[in-house]
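# Breakdown of the fold
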Amino acid sequence: MNLLNTQNSINMEITRTTLGIAVGIAGTLFLGYCVYFDQQRRKDPLFKKKLRERRQKAQKNASRSSTLGGPLPDMNDHEAMQRFFLQQIQLGEELLAAGDLEAGVEHLGQAVTVCGQTQQLLSVLQQTMPAPIFHMLLKKLPEVSERLRASMKASSSLHEDDVE
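This structure is a prediction, so every number in the text was calculated from the model and none was measured.

Parameters and conventions
Residues numbered from 1 in each chain as written. Predicted model: local features only at pLDDT ≥ 70, side-chain atom pairs only at ≥ 80, totals over all residues. Heavy atoms only, no water. Helix = DSSP H or I, 4+ residues; strand = E, 2+ residues; numbered from the N terminus. Buried < 20%, exposed > 50% of the residue type's maximum accessible area, 1.4 Å probe, protein only. Contact = heavy atoms within 4.5 Å. Areas by Shrake-Rupley, 256 points an atom, 1.4 Å probe, with all protein chains shown as cover. Phe/Tyr/Trp six-rings, centres within 6.5 Å; stacked < 30°, edge-to-face > 60°. 1 Å grid on protein atoms, 1.4 Å probe; cavity = no way out; pocket = protein on both sides within 12 Å on 5 of 7 lines; lining within 4 Å. Points joined across faces, edges and corners; volume = space filled by probe spheres on them. Nonpolar A, V, L, I, M, F, W, Y, C, P; charged D, E, K, R; others polar. Axes fitted to C-alpha atoms, helices over the stretch in contact; angles between N-to-C directions. Parallel < 35°, antiparallel > 145°, perpendicular 65-115°, else oblique. Left-handed = near helix turned anticlockwise from the far one by under 90°.

Of the regular secondary structure elements, the chain holds six helices and zero strands. For the chain, the α and β elements follow one another from N to C terminus as α-α-α-α-α-α. Split into buried and exposed, the 164 residues of the chain put 26% on the buried side. For the chain, the share of sequence-separated contacts (at least 6 apart) that also reach a separation of at least 24 residues comes to 56%. A total accessible area of about 11,900 Å² is found for the chain, and carbon and sulfur atoms account for 59% of it.

Structure follows, in structure tokens:
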């Protein structure tokens, strides 16, 4: 009986050892695969050009968003979104009062885009703004929301893709 138990434990040790060796070899092969294709990617003459273009595009989007009311807030941070919303409303009102209708409508459009209660905000704006300016805002909303969406995608992809 002891001989049988000893033989089973030896077989188990061999199986564990074999499994450990197989996992080690597979890990080494995978690591080699990753290193090889990373080297191939870096040798590509277009790699640096594409990386540079991606960074310039992201920087352009970031500078555009900073000129249009500061950096975009984290969409998951409720307080940051609320501050951004209030900032856009204030900037929009100030610019409209100063006579800069385009920039004022741009900021109000950003506020509407990030607002959680869009219909209520649009209703209030319709009652408080002159009709031509409100119609300008309605025409501008799709463009502003698309630009904000693109800026958010660009900033998130910059963090994911910025690997050399």
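Having seen it, we continue.
According to the stated counting rule, one finds two aromatic pairs in the structure shown. For the pair Tyr36 and Phe37, a centre-to-centre distance of 4.9 Å together with 80 degrees between the ring planes defines the contact as edge-to-face. Put simply, the rings of Tyr33, Tyr36 and Phe37 pair up and form one aromatic cluster.

What the second largest pocket holds in volume is close to 220 Å³. In terms of lining residues, the second largest pocket is bounded by Met75, His78, Met81, Gln82, Phe85, Val114, Cys115, Gly116 and Gln117. Among the residues making up the lining of the second largest pocket, the classes are represented as five nonpolar, four polar and no charged.

A word on the packing of helix α3 (residues 78-98) against helix α4 (residues 101-114). Put simply, α3 and α4 touch, their axes get as near as 7 Å, and they point 155 degrees apart. The orientation of α3 relative to α4 falls into the category roughly antiparallel. Between α3 and α4 lies a crossing of left-handed hand. Of the residues in α4, those touching α3 at Met81, Phe84, Phe85, Gln88, Ile89, Leu91, Gly92, Leu95 and Leu96 are Leu101, Ala103, Gly104, Val105, His107, Leu108, Gln110, Ala111 and Val114. Grouping the amino acids of the contact of α3 with α4 by side-chain chemistry returns 13 nonpolar, five polar and no charged.

Geometric descriptors of this kind do not, in isolation, establish any biological role.
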